[in-house]
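Observations on chain architecture
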Amino acid sequence: VQLQASGGGLVQAGGSLRLSCAASGRTFSSRAMGWFRQAPGKKREFVAYIGWSVGSTYYTDSVKGRFTISRDNAKNTVYLQMNTLKPEDTAVYYCAASPPYSSGTIVYPRRYDSWGQGTQLTVSS
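Figured I'd write up the structure that's included with this text. (Residues numbered from 1 in each chain as written. Predicted model: local features only at pLDDT ≥ 70, side-chain atom pairs only at ≥ 80, totals over all residues. Heavy atoms only, no water.)

1. Details of the sheet that holds strand β7 (residues 67-72)
- The strand order β1-β3-β8-β7 describes an open sheet built from 4 strands, whose pairing is antiparallel. Each having just a single partner strand, β1 (3-6) and β7 make up the two edges of the open sheet. On average, each strand axis in the sheet is inclined to that of its neighbour by 15°, with strand direction left out of account.
- With 6 bridges connecting them, β7 and strand β8 (residues 77-82) associate as antiparallel partners. Bridged to D72 within β8 is T77. (Pairing = 2+ DSSP bridges. Helix = DSSP H or I, 4+ residues; strand = E, 2+ residues; numbered from the N terminus. Axes fitted to C-alpha atoms, helices over the stretch in contact; angles between N-to-C directions.)

In structure tokens form, the structure reads like this:
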């Protein structure tokens, strides 16, 4: 599956933004999806996960209560709604897709086999 992330930009602290990730192909609904981010000089880190079956979600602690991951299988798209943004959220955000019918909550990058190109989010203080 090919992924195309979009929606990044420059926002002030406390603001909101929604990222989108559009997937090609007919297997989207069978793939868990994740969002990761990478700040300059730092390793890529897990942000959010949504399962393929019942749409279970999971977040890293630093974004719980502020970010919401969702998916629209009819549109082959996964979203990341980001509220109450902080300067430390500044990073390149990547969406990722797991192999079809993967089990478990996937937080490790190596378990995803398709990646989008990344979209830059900059939060100013």
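2. Here's the deal with unusual backbone geometry
- Not every positive phi belongs to a glycine, and T84 is a case in point at roughly 45°.
- Tracing the sequence through the fold places T84 in the loop between β8 and β9 (91-97).
- Look at T84 and you get partly exposed, because its relative accessible area is 45%.
- With a phi close to 60°, Y101 is a non-glycine residue in the positive phi region.
- By the secondary structure assignment, Y101 is in the loop between β9 and β10 (114-115). (Buried < 20%, exposed > 50% of the residue type's maximum accessible area, 1.4 Å probe, protein only.)

3. Re the state of the cysteines
- Considering all chains together, one arrives at 1 disulfide under this definition.
- There is a disulfide in this structure between C21 and C95, and the S-S distance comes to 2.1 Å. Looking along the S-S bond of the C21-C95 disulfide, the torsion reads about 65°, which is the right-handed sense. Residue C21 is located in strand β3 (residues 17-23), and its partner C95 is located in strand β9; the two are separated by 74 residues in the primary sequence. For the pair shown, C21 and C95 are each scored as buried. (Disulfide = S-S within 2.5 Å.)

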